[in-house]
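Reading the structure
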Amino acid sequence: MKLLYIDVNVWHINPTANLLPVLFRMQFPGAALYGPGYTPLSDLRKGLGAWIATYGPFDALVVGPHTPLLTTNSDASNSAIDYFRRFTSLAASEESVRGFFRDVLPLLPSIDVPVKLVSTLNHDTYAATEEQVRQVLDGKFCLLGPNSQFSRPIKEWDRWEADYSRKAARLSDVWHEFLVAHPERVATAVHYVAESEFFYTSLDARRWDVAVPGAEYAKRREVLSGFRQSKLVLAPKGYFHAYRVLSKLGLPVYSWLPTLRLYNILFQSTLDGARFVYTAGGGSGNMVRKFVEIPASGAVLVCAPSNGFAALGFRAGEHYYRADADSAVELIAKLNGSREAQAVAAAGQRLVMEKHSLAARGAQIAQCISAMVRGTFRGARWNGGEFIVDEAV
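Presented here is a report on the structure given in the accompanying data block. Because the structure is a prediction, the values reported are computed rather than measured. (Residues numbered from 1 in each chain as written. Predicted model: local features only at pLDDT ≥ 70, side-chain atom pairs only at ≥ 80, totals over all residues. Heavy atoms only, no water.)

**Some details on the pairing of strand β1 (residues 3–6)**
Test applied: Accessibility here uses a 1.4 Å probe with only protein chains present; expressed as a share of the type maximum, an area under 20% marks a residue as buried, one over 50% as exposed, and anything in between as partly exposed. Strands here mean DSSP runs of E at least two residues long; helices mean DSSP runs of H or I at least four residues long; both are numbered from the N terminus. Strand pairing is assigned whenever DSSP detects at least two bridges linking the two strands.
Judged by which residues are buried, β1 turns out to be covered on both faces: L3 and Y5 on one side and L4 and I6 on the other are all buried. Looking at chain direction, β1 and strand β4 (residues 60–63) are connected through four bridges and run parallel. Residue L4 lies in a different strand from β4, and its bridge partner there is L61. Alignment of β1 against strand β3 (residues 32–34), held across three bridges, turns out to be parallel. Within β3, the position partnered with L4 by the bridge is A32.

And the structure:
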């Protein structure tokens, strides 16, 4: 099978996006990468149509997360470039990116490739619109991202985060309803971790009792407050706050590759140095990467589970512990130093390696794309840790 991956070559703070080209090259060794930073400028200037005519035909193409294909923003290209400038390390000139967008964005909906997918792994789908759904249907695109198992209607949300207030005018169940109605259009995939993100330091050799990394959503903030008032040794978050302050002062800490990579190293060091790590998604319950990063690091995951967490194979008390602000401190104090905690950490790590690593996720996505190319794909779902591809007989 010949696969084409189309996107801008940038390095992002979230490794899921950075690893997509690696995933496709692993599963489809001959996969071609096209876009600024991937393709020589002499070829890029000729346009995607000419490039496919020379190197194609292709059985499937995947549009990566940095190409603003599904958008209602009339100035999407400039908005994307501004984002790259501030929050990514861009491997190409802004001029080449603008030319790339001018070429591919109007062309992709009509381009003649049998299977076309768009990555939605990092999309804020709760703010999607009818227009974006129409773009998917009219362009005959399929999605590479979470299916309806990892979404829920707004009326079932248990929190209202500050970020939702900023997007209140756009919040709807449009995307959730689309996912429910069209499983045949979703190559189901959620976040995954690279094999290099697994650490094997025993819990008793770690310096901190607990950590709460990342942005302080409501549930994380409440639990963090309890940890600060307890006798548990809490991992510091100095680098996280320092990066945010330096960025607001105009320093390019999120767009200079050495500081971006340093952030990833410091984040991983936090996970590798803590015995227990707490996380929770936002009020919508969406799956965030920390749900697999933490078990991969060898720490004990303590969390408010995301949508679809049980379907992915995670069982409370076996692979993680469920807790909230009222129970987290007592739970960790009780389990700290126990054999039970080490066993749960090991079981969570095995599950992530077997089912949610880069290699595992790549194989699952390849199953979906292969069925799509055959014309037999009817959807893909998780059930108790097993990935199931539904195909027409």
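Moving on from the coordinates now.
**Remarks on the sheet that holds strand β10 (residues 274–280)**
The strand order β9-β10-β11-β12 describes an open sheet built from four strands, whose pairing is parallel. In this open sheet, the two edge strands, each paired with only one partner strand, are β9 (208–211) and β12 (321–322). Where β9 and β10 come together, three bridges link them in parallel fashion. In the sheet register, V210 faces β10, and the bridge partner there is F276.

**So, the packing of helix α9 (residues 218–228) against helix α13 (residues 328–335)**
Pairs of packed helices are described in terms of their axes, by the angle between the two and the distance that separates them. What counts, and what does not: Simply put, an axis is a line fit to the C-alpha atoms, just over the touching stretch for a helix, and the angle between two N-to-C directions goes from 0 to 180 degrees. The cut-offs work like this: below 35 degrees is roughly parallel, past 145 is roughly antiparallel, 65 to 115 is roughly perpendicular, and the gaps in between are oblique. Throughout, a contact is declared for two residues whenever any of their heavy atoms are within 4.5 Å. Gly is put with the polar residues, along with every residue not named as nonpolar or charged; the nonpolar set is Ala, Val, Leu, Ile, Met, Phe, Trp, Tyr, Cys and Pro, and the charged set is Asp, Glu, Lys and Arg.
One way to put it is that α9 packs onto α13 with a least axis distance of 9 Å and a crossing angle of 55°. What the angle tells us is that α9 and α13 run oblique. Only A328, V329 and I332 of α13 make contact with α9, whose side of the interface consists of V223, G226 and F227. Residue classes in the contact of α9 with α13 are distributed as five nonpolar, one polar and no charged.

**A closer look at the environment of C142**
Mapping C142 onto the fold places it in strand β7 (residues 142–145). Since its relative accessible area comes to 14%, C142 is described here as buried. Placed 125 residues apart in sequence, C142 and F267 show a C-alpha to C-alpha distance of 33 Å. If near-sequence neighbours (up to four positions away) are discounted, C142 is found in contact with K116, L117, V118, E184, R185 and M372.

**Some points on the packing of helix α10 (residues 238–248) against helix α11 (residues 257–273)**
Short version of the rule: It is the rotation of the near helix from the far one that decides the hand of a crossing: anticlockwise by less than a right angle makes it left-handed, clockwise makes it right-handed.
At a minimum axis distance of 10 Å, the contact between α10 and α11 shows a crossing angle of 155°. Comparing their axes, α11 and α10 come out roughly antiparallel. Once α10 is placed against α11, the crossing between them reads as left-handed. Of the residues in α11, those in contact with Y239, F240 and Y243 of α10 are T259, L262, Y263, L266, F267 and T270. Among the residues making up the contact of α10 with α11, the classes are represented as seven nonpolar, two polar and no charged.

**Regarding helix α8 (residues 174–181)**
Every buried residue of α8 is listed here: V174, W175, H176, F178 and L179. Looking at the packing, one finds that the buried side of α8 touches α6 (130–138), β7 and β8 (186–188).

**What about the packing of aromatic side chains?**
Rules: Two rings from Phe, Tyr or Trp (for Trp, the six-membered ring) form a pair when their centres are within 6.5 Å of each other. A pair whose planes differ by under 30 degrees is stacked, one over 60 is edge-to-face, and the rest are tilted.
Here the structure, examined in full by the defined rule, presents 19 aromatic pairs. Centroid distance F87 to Y254: 6.0 Å. Interplanar angle 40°. Geometry classified as tilted. Of this pair, F87 sits in helix α4 (residues 76–87) while Y254 sits in the loop between α10 and α11, placing them 167 residues apart in sequence. Of the residues examined, Y254 reaches a relative accessible area of 12% and is grouped as buried. Ring centres 5.1 Å apart and planes at 70° place the aromatic pair Y243 and Y263 in the edge-to-face group. Taken as a pair, Y243 in helix α10 and Y263 in helix α11 lie far apart in primary sequence, 20 residues in all. Residue Y263 is classed as buried on the basis of its relative accessible area, which comes to 9%.

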